[in-house]
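Inside the fold
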Amino acid sequence: MTEYRTPARRRTALLPAILLVLALLIGAGFSETDGFTVVRYVVSIFALIMVVFALQTKNWVFPLPLLAIAVLWNPVWPIDLAPDLWRALHYIAGIVVVLAGVFIKQRTDV
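Before going into details, it helps to say that this report is about the structure given with it. These numbers come from a predicted model, not from an experiment. (Residues numbered from 1 in each chain as written. Predicted model: local features only at pLDDT ≥ 70, side-chain atom pairs only at ≥ 80, totals over all residues. Heavy atoms only, no water.)

A word on the packing of aromatic side chains. All told, the structure shown has two aromatic pairs when counted by the stated rule. With a centroid separation of 5.2 Å and an interplanar angle of 65 degrees, the aromatic rings of tryptophan 73 and tryptophan 86 are classed as edge-to-face. Of this pair, tryptophan 73 sits in the loop between helix 3 (63-72) and helix 4 (83-103) while tryptophan 86 sits in helix 4; the two residues are 13 residues apart in sequence, bridging distant segments of the chain. By way of ring pairs, the aromatic residues Phe36, Trp73 and Trp86 are connected into one cluster. (Phe/Tyr/Trp six-rings, centres within 6.5 Å; stacked < 30°, edge-to-face > 60°. Helix = DSSP H or I, 4+ residues; strand = E, 2+ residues; numbered from the N terminus.)

Shown next as C-alpha cells:
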C-alpha cells in the first residue's frame with residue numbers, strides 16, 4: 001500500500017506574532033508615558049523578525065505591512081501621532097500580525 005504524505009509545515013512566525021501582539025496590547029495603554037519607548041523597541045524588533053520569516057518562506061503579502069509597523073514604531077526616529085490614533089493603530093497592527101503569524105508557513109520536508 002502506497003502512503004501519500006502531505007508536506008509538513010511549521011508556523012515559524014507564530015511565536016514572534018504572539019509576543020508582538022502582547023506588546024501591542026500592553027503598549028496601547030502606555031502610549032502617553034515614557035514606557036512607550038520600550039514598547040516601540042519590542043514592536044519594531046519583532047516586526048523585523050517576522051519580515052525575515054516572511055521573506056524566507058517567500059510569502060510576499062506580509063513583508064510590506066510588517067515593515068510599515070516596524071517604521072511606525074521605530075524608537076530611533078519616533079513618529080508622534082495623536083494618542084487616539086496610536087491606540088487605533090495598535091489594534092490594527094495586532095490584526096495584521098495575527099494574520100501574518102497564522103499564514104507564514106515553512107515546509108519542513110526536504
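Let's pick the thread back up.
The end-to-end C-alpha distance of helix 1 (residues 14-27), which contains 14 residues, comes to 20 Å, matching closely the 20 Å that a straight helix rising 1.5 Å per residue would cover. Burial in helix 1 covers these residues: Pro16, Ala17, Leu20, Val21, Ala23, Leu24 and Gly27. Viewed end-on, helix 1 has its buried residues packed into an arc of 160 degrees, placing them on one side of the element. In helix 1, the exposed positions angled more than 90 degrees off the buried face are occupied by Leu15 and Ile26. Buried-residue contacts for helix 1 involve helix 2 (36-56) and helix 4. (Expected span 1.5 Å × (residues − 1). Buried < 20%, exposed > 50% of the residue type's maximum accessible area, 1.4 Å probe, protein only. Arc of directions from axis to C-beta. Contact = heavy atoms within 4.5 Å.)

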